[in-house]
Amino acid sequence: MLTHSTMARAVALALAILAAGTAAAQDSAAAPAAPIQRVEITGSSIKRAEAETASPVQVITRDDLAKSGKATVAEYLQTLTSDGAGSLPTGFVNGFAAGSTAISLRGLGATSTLVLLNGRRMAPFARADDGQKTFTDLSTVPMEAVDRIEVLKDGASATYGADAIAGVVNIILRKDMNGTIVKATAGTSTGYHDNNQARAALTWGRGDLDADGYNLLLNAEVYRSNELLNKDRRDRAWIGHGDLRPWGYALETQFATGFLSSGVPGANVTGALRNPVTNAYVFLPGCAQLSESVQADPKVCVAHQDQWRSMQPQIDGYNLYAKGTWRVNGDLQAYAEASYSKRDTSSQLAPPTITPTVSFPPNAAYPQGLIPYGSGSTAILMAAQHPQNPFGAAVRVRYGAWDVGPNLREANNEFSRVIVGLKGQVAGWDIDAGLLHSQSELELAALALNMGVLKAALGDPSSSFFPYYIGAEAKKNPASLYAALAGTVRSHSTTRLDSIDAKASRELLRLPGGMLGLAVGVEHREEKVDNPSFPGSENGSINQNYVAAKGSQEITAVYAEVAAPVLPALELSAAVRYDRYNAFTSTTPKAGIKWTPLKTLALRGTYSEGFRAPGPAESGKESQSTGTATATDPVRCPNGTPLPGASAADCQASITAIKVGDPNLKPETSRGVTLGIVWDPFEGTSLALDGWRIRRENEINPLPYNEAAALPTAIRSDNNLKDAHGVVIPNTGTLLLTYAPYRNSSYTEIKGVDLDLKKRLQLGAAGRLTLNLTWTHIASWLRAESATVKYQYAGTHGNCDTSNCAGTPKDKGSLTAAWDRDGWNVSATANYRADMQNVLYAGARCASAFADKSPAPNADCRLASFTTVDLSVRYNLSRQLQLFGSVSNLFDKIAPLDPLTYGGMSYNPMDASGAIGRYLKVGARYSF
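Presented here is an overview of the structure given in this document. Predicted model only: the values in this text are computed from it and were never measured.

With respect to the state of the cysteines
Reasoning step 1: Using the criterion set out here, one finds three disulfides in the structure.
Reasoning step 2: What pairs with C637 in a disulfide is C651, and their sulfur atoms sit 1.9 Å apart. Around the S-S axis, the bridge from C637 to C651 shows a dihedral of about 95 degrees and counts as right-handed. Placement of C637 in the loop between β30 (624–631) and β31 (653–660) and of C651 in the loop between β30 and β31 is noted, with a sequence separation of 14 residues between them.
Reasoning step 3: Residue class for C637 comes out buried when judged on its relative accessible area of 1%.
Reasoning step 4: On the accessibility criterion, C651 (13% relative accessible area) is buried.
Reasoning step 5: Disulfide pairing is shown between C846 and C861; the S-S distance is 2.1 Å. Handedness here is read from the sign of the S-S torsion; for C846 and C861, about 100 degrees, the answer is right-handed. Taken together, the residues span a long stretch of sequence, with C846 in the loop between β41 (836–837) and β42 (848–849) and C861 in the loop between β43 (855–856) and β44 (862–863) at a distance of 15 residues.

Written out as structure tokens, the structure is:
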């Protein structure tokens, strides 16, 4: 149910737009009547004269994209109010799928949003998000070739099959063109003159299908975006800061390293040795020259990750797209599409620790499938003979190997897609049949330490690598040592999608309201994933966790759909699809109703069922991943309060968990309901209001990380806590690793409301003004792990263990005003997200605290709302030449301080424009 303040804001904006001119005439009022064209709308295979169906569909035109000033499809789609947690922004450099972008409708994750290109699937990105979720990478879509985007906001599994639980995004590219268009854009941040971007595109078309019997369309675009480091924003309040002490926080934030937790330091830049007599760690000298952080304790050396970490990656890439259409005869056309995309991204994280806990499939030597290099019998030791060891005995050592450099990451992705097909009319049927091949190839590269060389270089005086000098004395090390110790490891992953499909539709018979439409279709596709882990990670010989996914699937499906205008004002629709997978079958129905009691008023509603098959990362026998998320360690910080000997960092810990594929997983299933109204109360005014509910059951999720941390099987360090009498409490050390197995958990149920309000005003000689308000309210986002354990995420910072901890604001809104006159267009868009409670779920304790233990980031434990305004200007200097420019974050608003998220350093990753700052783009477009 809408809150009073939310409803008030929405109604106030709606009334303001409605009152702006009730007597305005529509643009097309005086235009001559055009022939009725039948079109196919996303979510239906039946061509119809009316674009408005029973399902809510948001249509984004090529002009909308141009007015936005956004450089990519992903940038635009992630401003939609229906996008939520689980969306993958470009700046999420420390994620599993870094280098990719994705949309997550309703916050159900990218894996529950089906992305189509010209109505057909694409091969997914070759690395699963969170090591689990398969998704489509939006970065492969050529922005300049897009004709329109249709966002279906209810399920469409009855038409398209799996993954459409939250909705469908259908990106439709240009079909034909005559002439040539050249476009170039350059951008930079205005206050800092960095993160520079450049993009150039060429679009060429020739041939008229009717006159010449063919049309060819070619598009090529090349782009670059320069890397931006967090330290480049050190003067922008808290943005990019790992050290939040100036804003009242404790030293030990999640982006601090080297601080003492129960007497044990994390990775640090000087190196710290454990005194074998007292078991206290002693830091080596040199902190002042190696750490950029102000030290609170002269005996300890703390550094923060903004010293190294990227805010935005370096991106270089290009897209190629070609389409040809040929007239076979008066009724049939043959067509072919080919697209290729290459995108190279690189970024950097903090230097690697020499004492990681790495996980891999169990083997004879390590039946638990892990090696804790910082604890127990496998701990890295510095030999007594090492020149930096003053203790005369082998000792434990903790160190972040700054001398090997930042942890560099590269993700180089190549995407290709080819389609050949035939469409037209045969015996009264509109037919479309096609053969598709799509493939994604991803080469990942990362810095890795050879743990065998490391162990010998520190602890074996007989080794040729001994001694490895650390910290301030690392300059003594020869190049030959680093050549053996540190290097780049690579993995080559592929996903493939091959399919053949055919569909046909026609009008069957006349009903009182019009012609009964029927569509039938058949599809067969094969999907393959081969995502090997980095070599050396399969046995713990490098400092990288084992992450792999492998599997294949064959799917055969048939479907049918009817649209029945049973009365002049009443249309009923229904569809059903049957899918057969290797291990299961699925039948998914959908039904819709649209009642138009007045020419200006329509009521609509749908009921749909959907499903998502277990992906290879979730169900493959060879699949395993290790993920990290922010959660409270319930052993060391029960009820949000650290026990004596623990620290505040244990209350906001980075919990690491192993997830292993389970072949016995069942598919997720869903049921969705929408009910809405479409109303044109005045000429030039339209309003759509839709309520919706989605319930996803048998969800495939890992055990929540806060629950996984409480398992007795969790692996902990040996720095155990002590009770009031000084007695050691077993298994209470710092959490190293736990297990979060995949399982079909209970369900997630989401309820909300979408508002879409448009107003067009004719201003006479002053031109035309178009206003558009979209608003999404999340009334409830409930996830149930069992009959008794439930988490409410609406309005909170969760769900952190299945997203990038971006949170689930209850309200998101976008208001656009576009003015057109002669050759000018000026557009301004205000983007709003509501505030959120800084809790992991409703009812939980505040997830962050100031140094004095009070709730953070303010007394009511609430993250501030965030609103930005984007401005774009276009001017047609002539019929051929257009000049344009845009300013993102026009008023240079600073993103609110967010101490919990890990996708951005001290700011929410979805507020990236507030971290980067005001950004200017200018460009030109020439057509001939």
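Don't stop here, the text continues.
Some remarks on the sheet that holds β30
Reasoning step 1: What the four strands build is an open sheet, ordered β30-β31-β35-β34; its pairing is mixed. Each edge of the sheet is formed by a strand with only one pairing partner; in this case those strands are β30 and β34 (715–716).
Reasoning step 2: Pairing geometry for β31 and strand β35 (residues 735–739), over two bridges, is parallel. Residue A657 lies in a different strand from β35, and its bridge partner there is T738.

Some words on the packing of aromatic side chains
Reasoning step 1: Going through the model one piece at a time under the given rule, you end up with 16 aromatic pairs.
Reasoning step 2: Their ring planes at 80 degrees and their centres at 6.3 Å tell us that F584 and F611 sit as a pair that is edge-to-face. Placement of the pair is F584 in the loop between β27 (570–580) and β28 (585–598) and F611 in strand β29 (residues 601–612), with a sequence separation of 27 residues.
Reasoning step 3: On the accessibility criterion, F611 (2% relative accessible area) is buried.
Reasoning step 4: In this structure an aromatic cluster arises from ring pairing among W781, Y791, Y793 and Y841.
Reasoning step 5: It is R233 that lies over the ring of Y192; its NZ or CZ is 3.7 Å from the centre.
Reasoning step 6: Over the ring of Y335 we find K423, and its NZ or CZ is 5.7 Å from the ring centre.

Some remarks on the pattern of salt bridges
When the charged atoms of two side chains with opposite charge come close together, those side chains can pair.
Reasoning step 1: For the structure shown, the criterion picks out 49 salt bridges.
Reasoning step 2: Its salt-bridge partner being R695, residue E697 comes within 2.7 Å of it at the nearest N-O pair.
Reasoning step 3: Exposure remark for R695: the relative accessible area of 21% places this residue in the partly exposed category.
Reasoning step 4: The salt bridge involving R768 is made with D820; its shortest N-O contact spans 3.7 Å. Of the two residues, R768 is situated in strand β37 (residues 768–784) and D820 in strand β39 (residues 811–821); the sequence distance between them amounts to 52 residues.
Reasoning step 5: Linked by salt bridges that have partners in common, E523, R525, E527, R577 and D579 make up one network.

Quick word on the pairing of strand β36 (residues 742–762)
The two faces of a sheet get side chains in turn, since along a regular strand they alternate between them.
Reasoning step 1: Of the pairings in the sheet, the one linking strand β33 (residues 685–702) to β36 comprises 17 bridges and is antiparallel in character. Bridge pairing in β36 links L687 to L757.
Reasoning step 2: Counting the residues in the hairpin turn of β36 and β37 gives five residues, including G764, whose phi is positive at 65 degrees.

Considering the environment of A842
Reasoning step 1: The topology assignment puts A842 in the loop between β41 and β42.
Reasoning step 2: What makes A842 partly exposed here is its relative accessible area of 34%.
Reasoning step 3: A C-alpha to C-alpha distance of 9.8 Å links A842 and L782, two positions 60 residues apart in sequence.
Reasoning step 4: Setting aside its immediate chain neighbours within four residues, A842 contacts Q792 and T796.

About the cut-offs
- One numbering rule holds for all chains: residues counted from 1, following each sequence as written.
- Where totals are concerned, whole chains, interfaces and linings use all residues; where local detail is concerned, this predicted model gives features only for residues with pLDDT of at least 70, and gives and counts side-chain atom pairs only at 80 or more.
- Think of the side-chain values as coming from all heavy atoms in the structure, minus any hydrogens and water.
- Working definition: a disulfide is two cysteine sulfur atoms within 2.5 Å of each other.
- Strands are runs of DSSP state E lasting at least 2 residues, helices are runs of H or I lasting at least 4, and numbering of each runs from the N terminus.
- Each residue gets one of three labels from its accessible area relative to the maximum for its type: buried under 20%, exposed over 50%, partly exposed in between, using a 1.4 Å probe on protein chains only.
- Any two strands between which DSSP finds at least two bridges are classified as paired.
- Only the six-membered ring of Trp is used, alongside the rings of Phe and Tyr, when aromatic pairs are assigned; centres must lie within 6.5 Å, and planes under 30 degrees apart are stacked while those over 60 apart are edge-to-face, with the rest tilted.
- Charge-over-ring placement is defined geometrically: NZ (Lys) or CZ (Arg) within 6 Å of the ring centre, and within 35 degrees of the ring normal.
- Any Lys or Arg side-chain nitrogen located within 4 Å of an Asp or Glu carboxyl oxygen qualifies as a salt bridge.
- In this description, contact between two residues means that some pair of their heavy atoms is separated by no more than 4.5 Å.

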